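A structural walkthrough
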Amino acid sequence: MTTTSTPRGRRRAPGRMQRAAGRAAALQKPRVILALLLLLGLTSVMLLDGYLRAEVGGDERVRTGASSSKVPDRIIDGGPILTFGGGRAATVSVPKKTIALTFDDGPNPTYTPQVLKILKENDVPATFFLVGSMVSRYPGIVRDMVQQGSEVGIHTFTHVDLSYQSDSRVDREMEQTQLALAGAAGITTTLFRAPYSSETDAIDNYSWPVYKRLGQEGYTSVFVDTDSDDWKKPGVSKIVDWATPKGTSGAAVLMHDAGGDREQTIKALPTYIKKMKAKGYTFTTVSGVIEKQNAGSRRTGAPTGAAAAGARTGRGLDGRAAEGGPVTERLQAAHRKATGATLYEGKALIVAVAVAEYALPVLSVGLIVVGVAVMGRFGMMVILARRHYRLRNRRRFSWGPPVTRPVSVIVPAYNEKECIANTLESLSRSTHPIEVIVVDDGSTDGTSAIAREAAYALGMTNVRVIRQENAGKPAALNNGVRSASCDIVVMMDGDTVFEPETVRRLVQPFADPEVGAVAGNAKVGNRDTVIGAWQHIEYVMGFNLDRRMYDLLRCMPTIPGAIGAFRREAVLQVGGMSEDTLAEDTDITIAMHRAGWRVVYQEHAKAWTEAPASLGQLWSQRYRWSYGTMQALWKHRKSLTDKGPSGRFGRVGMPLVVIFQIVTPVCAPLIDVFTAYSMIFVDFTAALLAWLAVLAVQLVCAAYAFRLDREKYRYLLMMPLQQLAYRQMMYLVLIHSCITALTGGRLRWQKLKRTGEVGTPAGVS
C-alpha cells in the first residue's frame, strides 16, 4: 500500500467552480419557489376553468313546492318586475300591446349571435339575462349585444338556485357577474333574474329573503308572465303559440339562447316577432317597460310603486335622465358605466379566463401525448427488456475469450469515513485481480487514514491512497485514471460495496474490442426504510429496465457512478471526466458514443450503494442528476448531426432521453393534477378507476423488472404510496432542474450524509 499527497500550500482564493457554486446556491430558493408557483399556476388555471363550467363549487339543487306564506299577496299577484324603490317592494306590469322579450342562460357562441342577428334584422331590442361564467368566456358576444342596443341582466355566475346559498355565496355570484360584465362590455347592471325562476307566484319563503336583500342593494328582479317553454323543444309552432300573450295583454316573454339545443328557438323567433308586430305589439326592454310605466304614472298623476320612485327622482334606474333621452339610453337605463377598480378587475378576470380557455385544451392535448408516451415507454421497455434478457442469458452467449488480466478500481472519496472501510473490505474479496486506487478529494474527516488502516488490516497490498485538494469528483476520477496501471479501469463510489464476482463479471464485455464502457447493475442497499424502498423500486424498474432497452438500441445514456468500467484509452481519448456538467457519468457516456465506442449493460455485475436516507438528501441528489443530464444533453447537442456509428446516440438515444427522461416527466404532473381534479369535481369513480388502471400497468411492468433482477416482490407493496408521494417529489425536482437550466447556475459535488450501513447482502460470499 502506498500513499501519495499533493503539495499543501497557503489557502488559495475561491476557484471558478466555488464561485459558480456560491452563485447557484443563492439562486436555489427562488428556483424552488418558481417551480412551486408553476404547479400552483397550473392548478389555479384548472380550478378557474372548472369553476366556469360549474364543476368546481357547482350546486344543482333546485327548490320546488316550498310554502309562500311569508310573501306578500300583492307581490305574488303582481307584475313580472319586482322593485324596491324607497325600500318598499312593488311590482310593475308590462303595458298592453307591449312585449319585453327576454333570453336566459347565455351567451352561447352558437345561438346568441344568431338571436342578435334576427333582432337586428327586425329592429327589435331584448333583455338578456346572462350567466357570468359564460360572459367571461365569450366577452365579444356581450360587447356586441350591448352595442346593438339590447339590455343585459344578471343570471348569477354559475347558474345556481340562490335560495340554497349563503349570503356570501349570493354576494359572490352577483359581484363576479358584475366584474365579468365590466370586463366584457365596460358596464354593470341593476337587473337580475334568478335561475329556475318563473312567475312571481313561484316566489317562496326561501327565495323571498334573497329578493329583498338584493332589492335593498339596488337590484330589480325580473320574472316572466309568458313562458315559451322552448327548452322543452316542443316544435316551432308551439313555441310561437306559448309565447303569445292572451288578448292585448302585455307580457315579459321568456326564451333561451343557451343551455342546450336552441335550433327551434332560432327558427321560431323571426316568426314570433312578425306575428306580434302584425297584431300591433311593440318590443322593448325591461328598462323600457319601467320607463313607460313612469311616463304613464306622471300623465295620470297617480305614481305608485316603482313608478312613484321614478317620478320622485325624475331619473332612470341608474340615476340618469330617462324620459326624452336617446332611445338606446332609455332602453338600457339599467346599465351603469364601469369605472375604477371594477373595470380593471373585470378586464383582469376576462384575461384570466382567456388564459384558462386556451391553456386547458393545450394541457388536455399534452395530457394525451404524455399518456401515450408513458404507455409507449412501458411497452417498449418490457418488450426490449425481455429480448435483452433472453439474449444475454442464453447458454451459448459469450462476449469472447474470458478477460482475466488485472484491472484498476478507482474509488473517489470525500468525507467517506463511515463507508470507505466497507468498500475496501468488499474489494478484498474480489475474485478478479485488481489494483485499488482511493482518491481522497480533500476530505476533512480522516477518510484517507481510515482507508490506509482498513487496507493494512485486510492485508491489501494492492491499495494506493492518493490525496488531493478538494476539486470535485471529476477531478478525483481523472487523477485515478492517470495513476492507473491497468488498461481497464472500474469506477465506483466511496459508499458502494461490490460482490466478490462483480469485477470479474463487469469486465467480461471488454472481450469485444468494440466495447469501450460497461454499465453495472446498481442496487439500493438500505432498502428497508420507506424512502429506501421507493428508491429500490425506481432503481429496478426505472434504471435497470431502461438500461436493458438502451443497451439493445445501442444508445446507453448513462453509466452509473456506483459501478462502471471503461477502457483507459477510451477515457483518455474523450478527454477524461469533464467538469462541464454535474452529471459527469452521463457526459462521458455520451462522449464514448460519439467517439465510436460501444457502451453495454452487464446485469450480473451488481453493486450495493447507500441511497439517500432523507427527503432533503434525495432532493439534492436527484436535482443534481436531472440538471446534470440536461447539461450533458445540451453539451452534446451536435450529436444529432453526427454521421455513422458515432451519431447513433444523437439519432436514437438523444430523442429517447429527451422524451422519456425530461419532457414526459415534466408534463407527467398533468396526469396527477387532472386525476385529482376529476376525483374531486367531476367523477370520482371514473377517475379512480382510470388511476388504478395506470397503476396496474406500472405494477405489471415493475413486477416483470423484479422478476428479471430476481428481486423480492414484497417491495412492490410500497408502489401505490410511491405513486402518491415519491413520484410527485421527483416531478418537482425535474421542474426545478428545468428552471435552473433556463436561468443558469452551477452546483458543486454535493456530499450526502452516510451511515455506512450498506454491506454485501447476506448469502453472497
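Here the structure is shown first, and the text comes after it.
All of these numbers come straight from a predicted model, not from anything done at the bench. (Residues numbered from 1 in each chain as written. Predicted model: local features only at pLDDT ≥ 70, side-chain atom pairs only at ≥ 80, totals over all residues. Heavy atoms only, no water.)

**A short note on the overall build of the protein chain**
When you go through the protein chain residue by residue, the secondary structure sums to 25 helices and 21 strands. When burial is assessed residue by residue, the protein chain has 55% of its 765 residues classed as buried. Across the protein chain, contacts joining residues at least 24 apart in sequence account for 82% of those joining residues at least 6 apart. For the protein chain, the exposed surface amounts to about 32,800 Å²; the carbon and sulfur share of it is 57%. (Helix = DSSP H or I, 4+ residues; strand = E, 2+ residues; numbered from the N terminus. Buried < 20%, exposed > 50% of the residue type's maximum accessible area, 1.4 Å probe, protein only. Contact = heavy atoms within 4.5 Å. Areas by Shrake-Rupley, 256 points an atom, 1.4 Å probe, with all protein chains shown as cover.)

**Quick notes on the nonpolar core**
Membership of the largest hydrophobic core comes to 61 residues, with the highest contact counts inside it found for Leu101, Leu119 and Tyr272. In this structure Leu101 touches Leu119, Ala126, Thr127, Val253, Met255, Leu269, Tyr272, Phe283 and Thr284, once residues within four positions along its chain are discounted. If you look at the next biggest cluster of nonpolar residues, it comprises 59 residues, including Leu384, Leu477, Ala533 and Ala702. (Core = buried A, V, L, I, M, F, W, Y, C linked by side-chain atoms within 4.5 Å.)

**Section: the packing of aromatic side chains**
Counted under the stated rule, the structure contains nine aromatic pairs. On the numbers, 5.2 Å between centres and 80° between planes, the contact of Phe397 with Trp399 is edge-to-face. Residue Phe397 is classed as partly exposed on the basis of its relative accessible area, which comes to 26%. Centroid distance Tyr623 to Tyr627: 6.2 Å. Interplanar angle 10°. Geometry classified as stacked. Placement of both Tyr623 and Tyr627 in helix α21 (residues 615-635) is noted, with a separation of four residues, approximately one turn of the helix. Classification of Tyr627 by relative accessible area gives buried; the value is 4%. In textbook terms, an aromatic cluster arises when at least three aromatic residues are bridged by ring pairs, as seen for Phe192, Tyr211 and Phe223. (Phe/Tyr/Trp six-rings, centres within 6.5 Å; stacked < 30°, edge-to-face > 60°.)

**Remarks on the pattern of salt bridges**
Following the criterion strictly, the structure yields 25 salt bridges and no others. Asp241 is the salt-bridge partner of Lys275, the closest N and O atoms lying 3.7 Å from each other. Here Lys275, found in helix α9 (residues 263-278), pairs with Asp241, found in helix α8 (residues 236-242); they are 34 residues apart in sequence, far enough to count as distant. Accessibility expressed as a relative area gives 47% for Asp241, which makes it partly exposed. A salt bridge links Glu538 to Arg622; the shortest N-O distance between them is 2.4 Å. Placement of Glu538 in helix α18 (residues 530-553) and of Arg622 in helix α21 is noted, with a sequence separation of 84 residues between them. On the accessibility criterion, Glu538 (17% relative accessible area) is buried. Residue class for Arg622 comes out buried when judged on its relative accessible area of 4%. Residues participating in the shared-partner salt-bridge network are Lys523, Arg527, Arg548, Glu603, Asp709 and Glu711. (Salt bridge = Lys/Arg side-chain N within 4 Å of Asp/Glu carboxyl O.)

**Here's the deal with the packing of α18 against helix α24 (residues 684-708)**
For the pair α18 and α24, interaxial distance at closest approach is 9 Å and the crossing angle is 75°. If you check the angle between α18 and α24, you find them roughly perpendicular. Together, His536, Ile537, Val540, Met541, Leu545 and Arg548 of α18 and Gln698, Cys701, Ala702, Ala705, Phe706 and Leu708 of α24 make up the contact between the two elements. Taken together, the residues of the contact of α18 with α24 break down into nine nonpolar, two polar and one charged. (Axes fitted to C-alpha atoms, helices over the stretch in contact; angles between N-to-C directions. Parallel < 35°, antiparallel > 145°, perpendicular 65-115°, else oblique. Nonpolar A, V, L, I, M, F, W, Y, C, P; charged D, E, K, R; others polar.)

**Structural notes on unusual backbone geometry**
Residue Gly106 is joined to Pro107 through a cis peptide bond whose omega torsion reads 0°. If you trace the backbone, Pro107 turns up in the loop between β4 (98-106) and α3 (112-121). Of note in this structure, Asp229 is not a glycine but carries a positive phi near 50°. Looking at where Asp229 falls in the secondary structure, it is placed in the loop between β10 (226-227) and α8.

**A closer look at a negative patch on the surface**
Among the surface-exposed residues, Asp73, Asp77, Glu199, Asp201 and Asp225 lie close enough to one another that they form a single negatively charged patch. The residue Asp201 is located in the loop between β8 (191-192) and α7 (208-216) in this model. (Patch = residues over 30% accessible without salt bridge, like charges linked within 9 Å, V, L, I, M, F, W, Y side chains within 5 Å. Lys, Arg positive; Asp, Glu negative; His and termini not counted. Charge placed at Lys NZ, Arg CZ, Asp CG, Glu CD.)

**Examining α9**
Taking 1.5 Å as the rise per residue, α9 with 16 residues should run 22 Å; its terminal C-alpha atoms sit 24 Å apart, in good agreement. What α9 keeps buried is the set Thr265, Ile266, Ala268, Leu269, Tyr272, Ile273 and Met276. For α9, the secondary structure elements touched by its buried residues are β4, α3, α8, β11 (251-256) and β12 (282-284). Trailing α9 by a residue or two, Gly280 shows a phi angle of about 90°, which is positive. (Expected span 1.5 Å × (residues − 1).)

**Overview of a positive patch on the surface**
The grouping of Arg386, Arg390, Arg707 and Arg710 at the surface amounts to a positive patch. Mapped onto the fold, Arg386 is located in helix α13 (residues 340-392). By relative accessible area, which is 41% here, Arg386 ends up partly exposed.

**A few points about the pairing of β11**
A regular strand carries its side chains on alternate faces of the sheet. Of all six residues in β11, six are buried; the element is thus mostly enclosed. By the alternation rule, side chains of β11 split into Ala251, Val253 and Met255 and Ala252, Leu254 and His256, which are all buried. Pairing of β4 with β11, which is carried by six bridges, proceeds in the parallel orientation. Each residue of the ladder has a partner; that of Leu101, found in β11, is Val253. Both β10 and β11 contribute to a ladder of two bridges, which runs parallel. When the bridges of β11 are listed, Asp227 appears paired with Leu254. (Pairing = 2+ DSSP bridges.)

**Observations regarding the environment of Ile437**
Topologically, Ile437 is positioned in strand β15 (residues 434-441). With 29 residues separating them along the chain, Ile437 and Ile466 place their C-alpha atoms 7.2 Å apart. With near-sequence residues (within four places) excluded, Ile437 lies in contact with Val409, Ile410, Val411, Arg464, Ile466, Gly480, Ser483 and Ala484.

**Re helix α20 (residues 584-594)**
With 10 of its 11 residues buried, α20 lies for the most part within the structure. Every buried residue belonging to α20 is among Glu584, Asp585, Thr586, Asp587, Ile588, Thr589, Ile590, Ala591, Met592 and His593, and all of these are buried. Following α20 by one or two positions, Gly596 has its phi on the positive side, about 95°.

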